[in-house]
Amino acid sequence: VSAIPDEGLSQTDRVTRGFLLWSSERLIDGPRHWRESFGLTPYMSMGLGSAPRSVLAPFEFASPADGARYLSLLGDYASLLSAHLDRLKVQAEAGWRIPRPALANTRLGLVNQKAALCALMRPTPERLVAAGGAGLLERIERIIDGEIVPGFERLIEALGPDYEAAASEAVGMQHLPGGVDAYQRLMDYHLSYRATPGRI
């Protein structure tokens, strides 16, 4: 995209070119800043609920292949929970912890999500007739009860007393190591113009 000159492009194409450059640069840069977000806090945990609500709850079971696909998606969700736990550990080692004032609601949110989302993931037997019936339901229950519920419980446990004792009372990214730079990166990502936190 960068090899395409602006000259001769329509206004729409210039905007499209600029957006593609902007977004691809951030996609390339993103993994280096993987630890600079707390995906479990009440104000950031939409990602945990979006897949169960938008993909798993309305999933259509029309054939055995659909049953296999659903089991695969459940396994992916269990992996997502494990990835959040990995990130918590990496963050803590780098001095990044959810601030103490946000921890109680973060833990409560995980407890509530565990109950609500696992209920959403459990299809009724009637929905499974064409995809595998009782045998499929048993395999679904095995993944939910054996991997997803424990995944939530490990996250809640990881945010327990030891984590809280080392967490800061101070709220705001500026209190975290490298937090000022991380905040600037987030501003650059979300704004369409260059600004500083002070200006905002």
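Placed above this text is the structure.
What counts and how
Throughout this description, residue numbers start from 1 for each chain and increase along the sequence as written. Totals for whole chains, interfaces and linings use every residue, but because this is a predicted model, local features are given only for residues with pLDDT of at least 70 and side-chain atom pairs only at 80 or more, for both listing and counting. The side-chain numbers reported here are obtained from all heavy atoms of the structure, hydrogens and water having been left aside. To form a nonpolar core, buried Ala, Val, Leu, Ile, Met, Phe, Trp, Tyr and Cys residues must be joined to one another through side-chain atoms within 4.5 Å. Between buried and exposed lies partly exposed: a residue is buried under 20% and exposed over 50% of the maximum accessible area for its type, with that area taken using a 1.4 Å probe on protein chains only. Runs of H or I in DSSP of at least four residues are treated as helices and runs of E of at least two as strands, each being numbered from the N terminus. A contact between two residues is defined here by any heavy atoms of the two lying within 4.5 Å. Cavities and pockets were defined on a 1 Å grid built from protein atoms only: a cavity is a group of points that admits a 1.4 Å probe but offers it no way out, a pocket is an open group of points flanked by protein on both sides within 12 Å along at least five of seven lines, and a lining residue is one with an atom within 4 Å of any such point. Grid points are joined across faces, edges and corners, and a volume is the space filled by probe spheres set on the points. For Phe, Tyr and Trp, rings pair up if their centres lie within 6.5 Å, where Trp contributes its six-membered ring, and each pair is then called stacked (planes under 30 degrees apart), edge-to-face (over 60) or tilted (otherwise). Working rule: Lys NZ or Arg CZ, within 6 Å of ring centre, within 35 degrees of ring normal, means a charge sits over the ring. Counted as salt bridges are all cases of a side-chain nitrogen of Lys or Arg within 4 Å of a carboxyl oxygen of Asp or Glu. The convention used is that axes are lines fitted to C-alpha atoms, helices contributing only their stretch in contact, and that angles between N-to-C directions extend from 0 to 180 degrees. Angular relationships are summarised with four words: roughly parallel below 35 degrees, roughly antiparallel beyond 145, roughly perpendicular across 65 to 115, and oblique for the angles in between. Crossings are sorted by hand: turned counterclockwise from the far helix by less than a right angle, the near helix makes the crossing left-handed, and turned clockwise it makes it right-handed. Residues are grouped as follows: Ala, Val, Leu, Ile, Met, Phe, Trp, Tyr, Cys and Pro are nonpolar; Asp, Glu, Lys and Arg are charged; every other residue, Gly included, is polar. Two distance rules govern patches: like charges are joined within 9 Å, and nonpolar side chains (Val, Leu, Ile, Met, Phe, Trp, Tyr) within 5 Å, applied only to residues with over 30% relative accessible area and no salt bridge. All accessible-area figures derive from a Shrake-Rupley calculation using a 1.4 Å probe, and residue coverage is judged against the displayed protein chains alone.

Further remarks concern the nonpolar core. Judged by nonpolar contacts, the single largest core of 41 residues is most densely connected at L74, M121 and I148. Elements supplying a minimum of two residues to this core: α2 (46-56), α3 (64-93), α4 (100-121) and α5 (133-158). With 10 residues, the single largest contributor to this core is α5. Excluding its chain neighbours within four sequence positions, the residues that come into contact with L74 are L56, M121, I140, I143, I144 and I148.

Inspection of the entire model under this criterion finds 1 cavity of 30 Å³ or more. Estimated volume of the largest cavity: approximately 40 Å³. If you go around the largest cavity, the residues you meet are S37, F38, G39, L40, H84, R87, L88 and Q91.

Moving on to the packing of aromatic side chains. Under the defined criterion, the tally for this structure stands at 7 aromatic pairs. The rings of F19, W22 and Y189 are connected pair by pair, giving a single aromatic cluster. The ring centre of Y163 lies 4.9 Å from the NZ or CZ of R97, which sits over that ring.

Before going further, it helps to spend a moment on the pattern of salt bridges. If you walk through the whole model with that rule in mind, you get 11 salt bridges. One salt bridge connects R100 with E169, and the closest N-O pair in it is separated by 3.4 Å. Separated by 69 residues along the polypeptide, R100 in helix α4 and E169 in the loop between α6 (161-166) and α7 (179-190) bring together distant segments of the chain. On the basis of relative accessibility, which here comes to 27%, the residue R100 falls in the partly exposed class. Each member of the salt-bridge network shares a partner with another, and the members are R122, E141 and D145.

Here the largest pocket defines a volume of roughly 830 Å³. Contributing to the lining of the largest pocket are 30 residues, with E36, S37, M173, A182 and L186 lying nearest its centre. Of all the elements in the fold, those that place two or more residues in the lining of the largest pocket are α1 (11-29) and α7. Here the element with the most residues in the lining of the largest pocket is α7; it accounts for 6 residues.

Attention shifts here to the packing of α1 against α7. Between α1 and α7, whose axes approach to 11 Å, the crossing angle comes to 150°. Taken together, the axis directions place α1 and α7 in an arrangement best described as roughly antiparallel. Like other packed secondary-structure pairs, α1 and α7 cross with a definite hand, here left-handed. Mapping the contact onto sequence places W22, R26 and D29 in α1 and R185, D188 and Y189 in α7. Considered class by class, the residues forming the contact of α1 with α7 number 2 nonpolar, no polar and 4 charged.

The next point concerns the side chain of D188. As for its placement among the helices and strands, D188 is situated in helix α7. The class of D188 is buried, set by a relative accessible area of 17%. Beyond its immediate chain neighbours, meaning those up to four positions away, D188 contacts W22, R26 and R194.

With respect to the element layout, V171 can be found in the loop between α6 and α7. Spatially, the C-alpha atom of V171 lies 8.2 Å from that of R100, the residues being 71 residues apart in sequence. Excluding anything up to four places from it in sequence, V171 contacts P99 and P101.

The subject of this paragraph is a nonpolar patch on the surface. On the surface, V1, I4, F19 and L20 cluster together into a nonpolar patch covering about 360 Å² of accessible area. Mapped onto the secondary structure, F19 falls in helix α1.

Quick look at the environment of D6 now. Secondary-structure assignment places D6 in the segment before α1. For D6, a relative accessible area of 34% puts it in the partly exposed group. On a C-alpha basis, the gap between D6 and G178 in space is 36 Å, while along the polypeptide they are 172 residues apart. Excluding its chain neighbours within four sequence positions, the residues that come into contact with D6 are R14 and R17.

So, to be careful, I would describe these as geometric facts and stop short of saying anything about function.
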